[in-house]
Number of protein chains: 2
Amino acid sequence: MQLNKKVKVEQGAEQKIIAAARRIFQRKGMAGARMEEIAAEAGINKALLHYYFRSKEKLFQVIMMEAKGQMLGRLHPILGSDAPLFEKIELFVESYISFVTENPFLPGFILHEINRHPEKLVNEISSGAKRPNLSKFFQQVETEIKKKNIIAIQPEQLFMNMLSMCVFPFVGRPMLQTVLNVTDKKFNQLLADRKKEIPVFIINSIKR
Amino acid sequence: MQLNKKVKVEQGAEQKIIAAARRIFQRKGMAGARMEEIAAEAGINKALLHYYFRSKEKLFQVIMMEAKGQMLGRLHPILGSDAPLFEKIELFVESYISFVTENPFLPGFILHEINRHPEKLVNEISSGAKRPNLSKFFQQVETEIKKKNIIAIQPEQLFMNMLSMCVFPFVGRPMLQTVLNVTDKKFNQLLADRKKEIPVFIINSIKR
DNA sequence: TGCACTATTAACCATTTGGTTAAACAATGC
DNA sequence: GCATTGTTTAACCAAATGGTTAATAGTGCA
């Protein structure tokens, strides 16, 4: 028989802290987050935060690294694959929207924090993980243009368009929802629809 | 002869404060901004901030109202006009990108602060200014669909796409620039190109 | 059982920070 | 000139906040 009081759902303190820090940091940002608040959210004492992660800055780095990794890490596997261009676009949009749906505060968090520190660029992405490489995707676009399968477009512009349409509605949700004057339910439906709508929109636009 | 030491460029203290607060708040957000810092940026004493604007919160409200007004105020004049749909799209994109080019931190600022306060929605936009009304634009889209001039698309999706492609590259610039691996100059060129590229992209996508 | 080691906490500390106050300073009217 | 009113500042204050410490509780193991 095991006497361990913390079984099943009861994750260790370290994990509880990370989960709490994720929630608080992502919503309020580094400057807006309070160590006390994170401790409370994790259901522990403030001193324990410093026991596991020495400082607010250190804890923040952990969350930020994780966030960057999640946000950028899915670019390469999809865009670097061998799938044909149109299929790749569909895959990318579906995957990215699914991810952001699960983590609606993540993009805004990263963007705000990066803007806050213009000095150190986004370098050392995810602590030296592979920098996302778009060359495969870019080559594919160039090839399809040469083959007259799609119209001439700068690959960079196409990529920006794709990413913008996937991510922005989540970052700008409160503003958009007000301007569009729709309910939560309706807006969620619109977001869900975009998994199918955006690929159609993009492919319509570029195919000859 | 006027003895007034503060002529020409020397705006009054109140204006200097607002200008400084705009810069600091937009870059660092409410929580990240320091009153002392704003005072220094304005070249005055911290106590003078409280003389003109009673509290940080009050000063912040001034900047936020102004920001919302600028961001949302330009929607209605363009989208509510009588211009034909395609022309309207061109006007909108050009106007919006020009504006965001001049105020690159403004969208991120608003979005972050709104996310930070989910309770009070974007209501009371610009202190009761006219809520942007998209109905004219939406009607136009419906009409063009009926006339078979454009393909079927939910007007809300079209609007989201437009706004996303205009705004996101500025909000997400640091991330995008890293991923695309381009210089400042090249990225600025890409952004400038978008004034023409986005309308083409959109119209290509929807026209029959 | 007792010892070493980890985990956890309450109380505390130093610094930062928004905000206040009283006094100096400048402009303006009489 | 001098009183009055508006502007600006240095010094100060109280609350908030990140971080520390010393003591306590729990755990494995010899």
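As the structure is a computational prediction, the values presented were derived from the model and not from experiment.

Side note on the overall build of chain A
Phase 1 of the analysis: The helix and strand tally for chain A stands at 11 helices and 0 strands.
Phase 2 of the analysis: Counting from the amino terminus, helix and strand elements in chain A follow one another as α-α-α-α-α-α-α-α-α-α-α.
Phase 3 of the analysis: By the burial criterion, 50% of the 208 residues in chain A qualify as buried.
Phase 4 of the analysis: Surface accessibility of chain A: about 10200 Å² in total, with carbon and sulfur atoms responsible for 53%.

A look at the packing of aromatic side chains
Between two aromatic rings, the relevant description is the distance of the centres plus the angle of the planes.
Phase 1 of the analysis: Counted under the stated rule, the structure contains 13 aromatic pairs over all chains.
Phase 2 of the analysis: Relative to Tyr96(A), the ring of Phe92(A) has its centre 5.0 Å away and its plane inclined at 20°; by these criteria the two rings are stacked. One end of the pair is Phe92(A) and the other is Tyr96(A), both in helix 6 (residues 85-102) and 4 residues apart, which spans about a single turn.
Phase 3 of the analysis: For Phe92(A), a relative accessible area of 0% corresponds to the buried category.
Phase 4 of the analysis: For Tyr96(A), a relative accessible area of 1% translates into the label buried.
Phase 5 of the analysis: Seen from their ring centres, Phe92(B) and Phe159(B) are 6.4 Å apart, and the 55° between their planes marks the pair as tilted.

A closer look at the nonpolar core
Phase 1 of the analysis: Core analysis: the biggest nonpolar cluster contains 136 residues, and Phe25(A), Phe92(A), Phe159(A), Phe25(B), Phe92(B) and Phe159(B) have the highest contact counts within it.
Phase 2 of the analysis: Those residues in contact with Phe25(A) that sit more than four places away from it in its chain are Met30(A), Ala33(A), Ile38(A), Lys56(A), Leu59(A), Phe60(A), Ile63(A) and Phe109(A).

A few points about the relation of the copies chain B and chain A
Phase 1 of the analysis: Aligned on chain A, chain B shows an RMSD of 0.0 Å; the corresponding rotation is 180° and the shift along the axis is 0.0 Å. Classification of the inter-copy transformation places it as that of a two-fold axis. Nearest to the rotation axis, the C-alpha of Ser205(B) is located 1.9 Å from it, this being the minimum over chain B.
Phase 2 of the analysis: Interface overlap between copies: 100% of the residues of chain B at the interface are likewise at the interface in chain A, consistent with a symmetric, same-surface contact.

What to know about the packing of helix 4 (residues 56-73) of chain A against helix 7 (residues 106-116) of chain A
All names here are of chain A.
Phase 1 of the analysis: Axis separation between helix 4 and helix 7 bottoms out at 10 Å; the angle between their running directions is 115°. As for how helix 4 packs across helix 7, the hand of that crossing is left-handed. Between helix 4 and helix 7, the contacting residues are Phe60, Ile63, Met64, Ala67, Lys68, Gln70 and Met71 on the first element and Leu106, Pro107, Phe109, Ile110 and Glu113 on the second.
Phase 2 of the analysis: Split by residue class, the contact of helix 4 with helix 7 holds 9 nonpolar, 1 polar and 2 charged.

What to know about the interface of chain B and chain A
Phase 1 of the analysis: If you look at the interface, chain B gives 56 residues, while chain A gives 56 residues.
Phase 2 of the analysis: On inspection of chain B and its partner chain A, the count reaches 2 salt bridges.
Phase 3 of the analysis: Salt-bridge contacts for Lys186(B) lead to Glu156(A); the nearest nitrogen and oxygen are separated by 3.6 Å.
Phase 4 of the analysis: The interface formed by chain B and chain A includes 10 residue pairs in polar contact (both at pLDDT 80 or more).

Looking at helix 8 (residues 135-146) of chain B
Phase 1 of the analysis: For helix 8 of chain B, built from 12 residues, the straight-helix expectation of 16 Å at 1.5 Å per residue is met to within 8% by its first-to-last C-alpha distance of 16 Å.
Phase 2 of the analysis: In the core, the buried residues of helix 8 of chain B are packed alongside helix 10 (173-180) of chain A together with helix 5 (75-79), helix 6 (85-102) and helix 9 (155-171) of chain B.
Phase 3 of the analysis: Phi for Lys148(B), located one or two positions after helix 8 of chain B, is positive at around 60°.

Structural notes on the protein's contact with DNA strand D
Phase 1 of the analysis: Every one of the 16 residues lining DNA strand D counts as a neighbour, but Lys46(A), Lys56(A), Asn45(B), Tyr51(B) and Tyr52(B) are closest to it.
Phase 2 of the analysis: Considering DNA strand D, the proportion of its atoms within 4 Å of the protein that are sugar or phosphate atoms stands at 57%.
Phase 3 of the analysis: At a separation of 3.2 Å, a phosphate oxygen of DNA strand D approaches a polar side-chain atom of His50(A).
Phase 4 of the analysis: Going through the elements one at a time, helix 3 (46-52) of chain A together with helix 3 (46-52) of chain B are the ones with two or more residues in the surface near DNA strand D.
Phase 5 of the analysis: At 4 residues, the largest contribution of residues to the surface near DNA strand D is made by helix 3 of chain B.

Points about helix 1 (residues 13-32) of chain B
Phase 1 of the analysis: Compared with an ideal rise of 1.5 Å per residue, which puts 20 residues at 28 Å, helix 1 of chain B spans 23 Å between its outermost C-alpha atoms and falls more than 12% short.
Phase 2 of the analysis: Its axis deflected by about 80° at Gln26(B), helix 1 of chain B carries its strongest bend there.

A short note on the environment of Lys88(A)
All names here are of chain A.
Phase 1 of the analysis: Turning to its location among the elements, Lys88 is positioned in helix 6.
Phase 2 of the analysis: Using a relative accessible area of 0% as the deciding quantity, one classes Lys88 as buried.
Phase 3 of the analysis: In the structure, Lys88 is positioned 111 residues away from Pro199 in sequence and 9.6 Å away in space, judged by C-alpha atoms.
Phase 4 of the analysis: The contact partners of Lys88, leaving out residues within four places of it in the chain, are Ile78, Leu79, Gly80, Ser81, Ala83, Lys136, Phe137 and Gln140.

As for the pattern of salt bridges
Phase 1 of the analysis: One pass over the structure, following the stated rule, counts 14 salt bridges over all chains.
Phase 2 of the analysis: For Lys28(A), the salt bridge is made with Glu37(A), and the minimal N-O distance between the two is 2.6 Å.
Phase 3 of the analysis: Accessibility expressed as a relative area gives 25% for Lys28(A), which makes it partly exposed.
Phase 4 of the analysis: A salt bridge links Glu144(B) to Lys147(B), with the shortest nitrogen-to-oxygen separation between them at 3.9 Å.

A short note on the confidence of the model for chain A
Note that predicted coordinates carrying low pLDDT should not be read in detail.
Phase 1 of the analysis: Model confidence for chain A is summarised by a mean pLDDT of 90, while 89% of its residues fall at 70 or above.
Phase 2 of the analysis: In the model, residues 1-9 of chain A has pLDDT below 50 throughout and makes 1 contact with residues more than four positions away in sequence or in other chains.

What about unusual backbone geometry?
Where the residue is not glycine, phi is negative for most of them; where a peptide bond is considered, it is trans in most cases.
Phase 1 of the analysis: Positive phi values are uncommon outside glycine, yet Asn181(A) reaches one of about 60°.
Phase 2 of the analysis: One can find Asn181(A) in the loop between helix 10 and helix 11 (184-206).
Phase 3 of the analysis: Within the chain, Lys148(B) stands out as a residue other than glycine whose phi angle is a positive 60°.
Phase 4 of the analysis: Residue Lys148(B) is classed as exposed on the basis of its relative accessible area, which comes to 56%.

Digging into the packing of helix 1 of chain B against helix 2 (residues 35-42) of chain B
All names here are of chain B.
Phase 1 of the analysis: As a packed pair, helix 1 and helix 2 sit with axes 8 Å apart at the nearest point and diverge in direction by 145°. Once helix 1 is placed against helix 2, the crossing between them reads as right-handed. Contacts between helix 1 and helix 2 involve Lys16, Ile17, Ala20, Ala21, Arg23, Ile24, Phe25, Lys28 and Gly32 from the first element and Glu37, Ile38, Glu41 and Ala42 from the second.
Phase 2 of the analysis: Looking at side-chain class alone, the contact of helix 1 with helix 2 contains 7 nonpolar, 1 polar and 5 charged residues.

What counts as what
Residues numbered from 1 in each chain as written. Chains lettered and ligands numbered in written order. Predicted model: local features only at pLDDT ≥ 70, side-chain atom pairs only at ≥ 80, totals over all residues. Heavy atoms only, no water. Helix = DSSP H or I, 4+ residues; strand = E, 2+ residues; numbered from the N terminus. Buried < 20%, exposed > 50% of the residue type's maximum accessible area, 1.4 Å probe, protein only. Areas by Shrake-Rupley, 256 points an atom, 1.4 Å probe, with all protein chains shown as cover. Phe/Tyr/Trp six-rings, centres within 6.5 Å; stacked < 30°, edge-to-face > 60°. Core = buried A, V, L, I, M, F, W, Y, C linked by side-chain atoms within 4.5 Å. Contact = heavy atoms within 4.5 Å. Least-squares fit on C-alpha atoms with pLDDT ≥ 70 in both. Axes fitted to C-alpha atoms, helices over the stretch in contact; angles between N-to-C directions. Left-handed = near helix turned anticlockwise from the far one by under 90°. Nonpolar A, V, L, I, M, F, W, Y, C, P; charged D, E, K, R; others polar. Salt bridge = Lys/Arg side-chain N within 4 Å of Asp/Glu carboxyl O. Polar contact = N/O pair within 3.5 Å; in protein donor to acceptor, adjacent residues only side chain to side chain. Expected span 1.5 Å × (residues − 1). Near = heavy atom within 4 Å. Bend = angle between axes of the 7 residues up to and from the residue. pLDDT = per-residue confidence, 0-100.

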